[in-house]
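# Tertiary structure, described
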Amino acid sequence: MIVEMKKRAPQEELTGVVDRAKSLGFEVQLNVGTDKTVVAILGSATGKTPIDIFAVLPGVESVTRIMKPYKLASREFKSENTKIFVGGVEIGGERIVAIAGPCAVESEEQLMQAALGVKKAGAAILRGGAFKPRTSPFSFQGLKKAGLELLRSTSRKCGMPVVTEIVDTADVELFSEYVDIIQIGSRNMQNYSLLTAVGKTNRPVVLKRGFSCTVTEWLTAADYILAEGNPNVILCERGIRTFEDSTRFSLDISSVPVIKKFSHLPIIVDPSHAAGHYSLVPSLAKGAVAAGADGLMIEVHPNPREALVDGLQSLTLSDFSRLMLELGPIASAVGRKV
Ligand code: PEP
Ligand code: MN
């Protein structure tokens, strides 16, 4: 249930609403806007609670039920777009943020070459996996803690914030110490204990879409993070599984405007994992920008042929630089910048 307070309603009226909700056993989250506050009243029994219980309280402008399963990620709770600031970079603003780097951190030299190259081409954030969730247990699983150390030192040397994927709740403290943005991978989108654990940190979270999940399930997963008090969730569309097998996954470009319609959270697109092949990545990236994405996450390797993971879908540094230039006119056509 969403209680919208009157413009400039005094604090005691807001407290009255919060206390009433708590007395009924509900949880409460506030969206404090510039001139009015919205109160989300959360709990499994809200559906059975009459709206009038809140509508009669002083300072209340309106009360509405959110019929969708996600609440905190919804536009009903927060009408203005969420902007996230990390290491001097704004996500969800006018500029489309490019996040780039290798699939996996392999060595100090590989990561440094990738970081310097993508930064020169205009990327704002460095990516690189230290813990890799691989389909086979016999595939390279990442450098783990040593990978996090390389990410941190490279990010500091290059002056770029870094994003990397977490796969285990036991590593949350380690990640909070080493990385700027924590990524929840597609395979873990519905790992609710992991979502809750990252929700307790103060690090922004990239939440990738599960490749068999609907937009509604994805936004409801985001609620797990938001419910813990971490407001900084960045959604990432990375393709879903369909009957089509000419690409690794089918990039659901329509999820971008759908998310923009129903949620205030920023959305970025990963064309690399959707495409599965480097030759398709630029077109998908351009489509994502045209559709209104707030950013791109692209796999770039200084030498894709030698990559330990996902070499086939990785761009070379020169391909990435070209793509960044080509994105400029598309971004300006939709009122954005790269
Ligand atoms: C990744 O970004 O490295 C990754 C494994 O992606 P996904 O979770 O989308 O498969
Ligand atoms: Mn990859």
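Refer to the structure above for everything that follows.
Notes on the structure follow. As the structure is a prediction and not an experimental result, all values here were calculated from the model.

### Observations concerning the sheet that holds strand β8 (residues 125-127)
Taken in spatial order, the eight strands line up as β7-β8-β9-β10-β11-β12-β13-β14 and close into a barrel, and their pairing is parallel. Adjacent strand axes in the sheet meet at a mean angle of 30°, parallel and antiparallel pairs treated alike. Relative to strand β10 (residues 181-184), strand β9 (residues 162-166) runs parallel, the two sharing four bridges. Note on β10: the bridge partner recorded for E165 is Q183. Contacting β9, β10 and β11 (205-208), helix α6 (residues 192-199) runs over the sheet at an angle of about 170° to β10. Across the face of the sheet, helix α7 (residues 215-227) comes into contact with β11, β12 (233-237) and β13 (267-269) while running at roughly 155° to β12.

### Examining the site of ligand 1
Around ligand 1 lies a shell formed by R127, K132, E165, Q183, G185, S186, R187, K208, R238 and H273. Between an oxygen atom of ligand 1 and a side-chain N or O atom of R187, the distance comes to 2.9 Å. Between ligand 1 and R238 there is a distance of 2.6 Å, counted from an oxygen atom to a side-chain nitrogen or oxygen. Within the complex, 96% of the 300 Å² of free accessible area of ligand 1 lies under protein. Of the residues contributing to the shell around ligand 1, the split by class is no nonpolar, four polar and six charged.

### Quick word on the packing of α7 against helix α8 (residues 255-262)
Across the interface, α7 lies against α8 with an axial gap of 11 Å and an inter-helix angle of 50°. Taken together, the axes of α7 and α8 lie oblique to each other. Both α7 and α8 take part in a crossing whose hand is right-handed. When α7 is examined against α8, the residues V215, W218 and L219 are found in contact with a partner set consisting of S255, V258 and I259. For the contact of α7 with α8, the per-class residue count stands at five nonpolar, one polar and no charged.

### Description of the coordination of the manganese ion (ligand 2)
Bound to the manganese ion (ligand 2) are the protein donor atoms C103 (SG), H273 (NE2), E299 (OE) and D310 (OD), situated 2.0 to 2.4 Å from the metal. Along the chain, the residues donating to the manganese ion (ligand 2) fall in the pattern C-x169-H-x25-E-x10-D. Here C103, found in the loop between β7 (97-101) and α3 (108-121), pairs with E299, found in strand β14 (residues 295-299); they are 196 residues apart in sequence, far enough to count as distant.

### Some details on unusual backbone geometry
Positive phi is not limited to glycine here, since R8 has a value of about 55°. Relative to the helices and strands, R8 resides in the loop between β1 (2-5) and α1 (11-23). Among the residues examined, R8 registers a relative accessible area of 65% and is labelled exposed. For K144, which is not glycine, the phi dihedral falls at a positive 55°. Residue K144 is classed as partly exposed on the basis of its relative accessible area of 39%.

### Digging into helix α4 (residues 145-158)
With 14 residues, α4 extends 20 Å between its outermost C-alpha atoms, agreeing within 8% with the 20 Å of an ideal straight helix rising 1.5 Å per residue. Taken as a whole, α4 has its buried residues at G147, L148, L150, L151, T154, S155 and C158. For α4, the angular spread of buried residues about the axis comes to 160°, placing them on one side. Facing away from the buried side of α4 by more than 90 degrees, the exposed set consists of R156 and K157. Where α4 is buried, its residues meet α3, β8, β9 and α5 (172-178). Note on α4: the residue one or two positions beyond its end, G159, has a positive phi of about 65°.

So, how was this worked out
The residue numbers shown here count from 1 along each chain, following its written sequence. Each chain is given a letter, starting from A, and each ligand a number, starting from 1, according to the order in which they appear as written. Side-chain atom pairs in this predicted model are given and counted only at pLDDT of 80 or more, local residue features only at pLDDT of at least 70, and totals for whole chains, interfaces and linings cover all residues. Hydrogen atoms and water are omitted, and side-chain values are computed over all heavy atoms in the structure. Between any two strands, pairing holds if DSSP finds at least two bridges. Going along the chain from the N terminus, every DSSP run of H or I of four or more residues is numbered as a helix, and every run of E of two or more is numbered as a strand. Axis definition: a line fitted to C-alpha atoms, over the contacting stretch in the case of helices. Angles run 0 to 180 degrees between N-to-C directions. Note on contacts: a residue pair is in contact if any heavy atoms of the two residues lie within 4.5 Å. Neighbouring residues are identified by heavy atoms, a residue being near a molecule or strand if any of them is within 4 Å of it. Identification of polar contacts relies on pairs of N or O atoms within 3.5 Å, with a donor-acceptor requirement for protein atoms, meaning one able to donate a hydrogen and the other able to accept it, and with residues adjacent in sequence counted only if both atoms are side-chain atoms. Here the accessible surface of atoms and residues is derived via Shrake-Rupley with a 1.4 Å probe, and residues count as covered only by protein chains that are part of the display. Each residue is assigned to one of three groups, with Ala, Val, Leu, Ile, Met, Phe, Trp, Tyr, Cys and Pro labelled nonpolar, Asp, Glu, Lys and Arg labelled charged, and all others, Gly among them, labelled polar. These descriptions rest on fixed angle ranges, namely under 35 degrees for roughly parallel, over 145 for roughly antiparallel, 65 to 115 for roughly perpendicular, and the rest for oblique. Here a crossing is taken to be left-handed if its near helix is turned anticlockwise relative to the far helix by less than a right angle, and right-handed if that turn runs clockwise. Donor atoms (N, O, S) are those found within 2.8 Å of the metal centre, with the cutoff raised to 3.2 Å for Na, K and Ca; water is not part of the atom list, so apparent gaps in a site can occur. Here the term buried applies to any residue with accessible area under 20% of the maximum for its type, exposed to any over 50%, and partly exposed to those in between, with areas from a 1.4 Å probe on protein chains only. A helix's residues, less one, multiplied by 1.5 Å, set its expected span. Think of the arc as the fan of directions from the helix axis to the C-beta atoms.

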